[in-house]
Amino acid sequence: ETGVTQTPRHLVMGMTNKKSLKCEQHLGHNAMYWYKQSAKKPLELMFVYNFKEQTENNSVPSRFSPECPNSSHLFLHLHTLQPEDSALYLCASSQEKFSFGQGARNEQFFGPGTRLTVL
Amino acid sequence: ILNVEQSPQSLHVQEGDSTNFTCSFPSSNFYALHWYRWETAKSPEALFVMTLNGDEKKKGRISATLNTKEGYSYLYIKGSQPEDSATYLCAFPAGGGGGSNYKLTFGKGTLLTVNP
């Protein structure tokens, strides 16, 4: 139990559907992340939120829309996805200082992921 | 584009064997190097965050070393057990200076299988 939960754990959707992935962290962290893992590829950062503000969009298509209503919750809204979007989507959180040279020295805590299949 | 390379891609060892694998990363603008363990159907779990050249960290039978000048880190497992079977990931902060060092770039991982 890492303190980061994700729902649902599995999702099958058609290309015309709209669905949302939910992530919740109980660790009091100030940064939350969405990652994507496709088959035979490394974990790929999608979005970063710090204190509810989006600080990074790693060239992600607009059919993926993140939302961070508060520091504990993160959503990924999905619409008109493609079959190639089928992947494992992981959420993570960390306590970060974003001043110069101080980033990424704290471990990230990951959720168990949502296995997404787009038909 | 940042390259974080891990080798080998996969490894099969017998219970009781000791093993090690490598993570290579850019040697300029070093901030930190992360190691994670990812067991099947579970969440990736942090093992170490290494920040100083020559650092050596240890957690039980697992240890890691860091050489920032040449851009590599080794992860060692002494006396491997079946429960050590997992994918071991390393990650390097992107950015090379400035405020984007929280962006972790992950390697593809080393898949370790320990046979009983």
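Look up a bit, the structure's there.
The structure presented is a predicted model; accordingly, all values stated were derived computationally and were not measured.

Visitor: An account of the packing of aromatic side chains is requested, with residue identities and associated values reported.
Guide: If you walk through the whole model with that rule in mind, you get 13 aromatic pairs over all chains. Ring plane angle 40° and centroid distance 5.5 Å describe the contact between Y35 of chain A and F110 of chain A, whose orientation is recorded as tilted. Highlighted residues: Y35 of chain A in strand β4 (residues 31-37) and F110 of chain A in strand β10 (residues 109-110), separated in sequence by 75 residues. You can call Y35 of chain A buried: its relative accessible area is 0%. With a relative accessible area of 1%, F110 of chain A lands in the buried category. Taking 5.3 Å as the distance between ring centres and 45° as the angle between the ring planes, the aromatic pair formed by F21 of chain B and Y88 of chain B counts as tilted. Taken together, the residues F21 of chain B in strand β3 (residues 19-24) and Y88 of chain B in strand β9 (residues 86-93) connect sequence positions 67 residues apart. One exposure class covers both F21 of chain B and Y88 of chain B, and it is buried. Among the aromatic residues, those joined into a ring-pair cluster are Y33, Y35 and F110 of chain A together with Y36 and F106 of chain B.

Conventions used here
- Residues numbered from 1 in each chain as written.
- Chains lettered and ligands numbered in written order.
- Predicted model: local features only at pLDDT ≥ 70, side-chain atom pairs only at ≥ 80, totals over all residues.
- Heavy atoms only, no water.
- Phe/Tyr/Trp six-rings, centres within 6.5 Å; stacked < 30°, edge-to-face > 60°.
- Helix = DSSP H or I, 4+ residues; strand = E, 2+ residues; numbered from the N terminus.
- Buried < 20%, exposed > 50% of the residue type's maximum accessible area, 1.4 Å probe, protein only.

Keep in mind these values describe shape, not function.
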